[in-house]
Amino acid sequence: MMPGAMTTSPRTARGPLAAAFAVTLTVSALILAAPASAGGCANADISPATADEIALAETATRCLVNTERRRHGLRRMRFNRNLHESSAWQASDMVSYAYFDHQRAGGPSLAARITRFGSGGTGGYMLGENIAWSTAGAASPREMVQMWMDSPGHRANILRRKFREQAVAAVMIDGDAVGGDYDGAGPLVIYVNQFGTRY
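Below or above, wherever it landed, is the structure these notes cover.

Calculation rules
Residues numbered from 1 in each chain as written. Predicted model: local features only at pLDDT ≥ 70, side-chain atom pairs only at ≥ 80, totals over all residues. Heavy atoms only, no water. Helix = DSSP H or I, 4+ residues; strand = E, 2+ residues; numbered from the N terminus. Buried < 20%, exposed > 50% of the residue type's maximum accessible area, 1.4 Å probe, protein only. Areas by Shrake-Rupley, 256 points an atom, 1.4 Å probe, with all protein chains shown as cover. Salt bridge = Lys/Arg side-chain N within 4 Å of Asp/Glu carboxyl O.

**Side note on the overall build of the chain**
- Looking only at helices and strands, one finds five helices and six strands in the chain.
- Reading the chain from its N terminus to its C terminus gives the helix and strand order β-β-α-β-α-α-β-α-α-β-β.
- Relative to its 199 residues, the chain shows a buried fraction of 53%.
- Only carbon and sulfur atoms are counted for the fraction: they give 54% of the accessible area of the chain, which is about 8500 Å².

**With respect to the pattern of salt bridges**
- Taken as a whole and assessed by the stated rule, the structure comprises five salt bridges.
- Aspartate 45 is the partner of arginine 142 in a salt bridge, and the nearest nitrogen-oxygen pair spans 2.2 Å. Of the two residues, arginine 142 is situated in helix H4 (residues 141-149) and aspartate 45 in the loop between strand E2 (25-30) and helix H1 (51-71); the sequence distance between them amounts to 97 residues.
- Arginine 142 sits in the buried class, given a relative accessible area of 19%.
- Looking at aspartate 45, the relative accessible area reads 48%, which means it is partly exposed.
- With a shortest N-O distance of 2.8 Å, arginine 71 and glutamate 68 are connected by a salt bridge. Placement of both arginine 71 and glutamate 68 in helix H1 is noted, with a separation of three residues, approximately one turn of the helix.
- By relative accessible area, which is 5% here, glutamate 68 ends up buried.

**Quick look at the environment of arginine 198**
- Checked against the element boundaries, arginine 198 lands in strand E6 (residues 188-198).
- For the pair arginine 198 and phenylalanine 163, spaced 35 residues apart in the sequence, the C-alpha separation amounts to 8.9 Å.

Have a look at this one:
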């Protein structure tokens, strides 16, 4: 069982992985991706292999998340730069320490990370986070968002009515020397999608 997981399924070395987190919910799952409706989002099928393609994949993922919200009668979420900095930090931290979770042992919590990058503030706030990784050939935004939508915890974050802002950061890892939770799985792409509302 993966740390902090309420549900899990058998692990394969090269299958895509996803985990979702909300203030009142932690879910982690290993699932296979299936096709998603691109919904008019440019670059939905890109398999990022360069820094420029990573940026395109981030934008496409945000678009696909908002497409799912629109399909369910919800408002689109605006891009938030602070959430993007926090998402990028988490993706890089998972690479640096070779773990796949919302928090490494001794590392900052989601709330601490969000506050560090300026999204907490003095009022109340609600936060969520979806994470996923897959081998580079199966890491398109379409596959990531469909994977999240097929998992109840991830889907709940994407369709949470109160969320107003989001950001997506992705990190590409060349080679297969990462080790840890990604042992033997490279090259791969890690996605972090964070959500928030400030009151």
